[in-house]
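Chain residues, written in single-letter form:
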Amino acid sequence: MKALDITALILLVVGGLNWLLVGLFSLDLVALIFGGQSAILARVVYILVGLSAIYCLKFVGMLNTQPSGGKR
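It should be emphasised that the depicted structure is a prediction, and the values quoted were computed from it without experimental measurement.

Cut-off values and rules
Residues numbered from 1 in each chain as written. Predicted model: local features only at pLDDT ≥ 70, side-chain atom pairs only at ≥ 80, totals over all residues. Heavy atoms only, no water. Helix = DSSP H or I, 4+ residues; strand = E, 2+ residues; numbered from the N terminus. Rg over C-alpha atoms; globule rule 2.2 N^0.38 Å. Buried < 20%, exposed > 50% of the residue type's maximum accessible area, 1.4 Å probe, protein only. Contact = heavy atoms within 4.5 Å. Areas by Shrake-Rupley, 256 points an atom, 1.4 Å probe, with all protein chains shown as cover. Core = buried A, V, L, I, M, F, W, Y, C linked by side-chain atoms within 4.5 Å. UniProt positions renumbered as here; feature names shortened; annotations may be inferred.

### Focus: the overall build of the protein chain
So, step 1. Counting its secondary structure elements, the protein chain contains three helices and zero strands.
So, step 2. Listing the helices and strands of the protein chain from first to last along the sequence gives α-α-α.
So, step 3. Relative to the globule expectation of 11 Å for 72 residues, the C-alpha radius of gyration of the protein chain, 16 Å, shows a markedly less compact shape.
So, step 4. Based on the C-alpha atoms only, the size of the protein chain along its principal axes is roughly 50 × 25 × 15 Å.
So, step 5. Among the 72 residues that make up the protein chain, the fraction classed as buried is 18%.
So, step 6. Within the protein chain, counting contacts between residues at least 6 apart in sequence, those at least 24 apart form 48% of the total.
So, step 7. Surface accessibility of the protein chain: about 5,700 Å² in total, with carbon and sulfur atoms responsible for 72%.

Following this line, the structure appears as structure tokens:
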């Protein structure tokens, strides 16, 4: 599962950086690279980023847990 976790986090970073560019410069880099927002490859990237966000919700539950050897 570690590879899936890393892949999901990378996709979230890509999506976050894309939204930063959209917000600052009105530049959708994913759409620019893949030929527009309605291009099939751009839509695949958008879907993968969204699925990664849903998958990474599992990390929210880990925020309050301490490692097994930690002090309380």
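Having seen the structure, we can now continue with the description.
### As for the nonpolar core
So, step 1. Counting residues in hydrophobic clusters, the biggest one holds five residues: Val30, Ala39, Ala42, Val45 and Val49.
So, step 2. Considering every element that reaches this core, the biggest residue donor is helix H3 (residues 40-55), with three residues.

### Quick look at the UniProt feature "transmembrane region" (unreviewed entry) in the protein chain
So, step 1. As annotated in UniProt, the feature "transmembrane region" (unreviewed entry) corresponds to residues 7-34 and 40-63 in the numbering used here.
So, step 2. Along residues 7-34 the backbone is 89% helical and 0% strand, and the end-to-end C-alpha distance reaches 20 Å.
So, step 3. As annotated, residues 40-63 has a helix share of 67% and a strand share of 0%, and its two end C-alpha atoms lie 36 Å apart.

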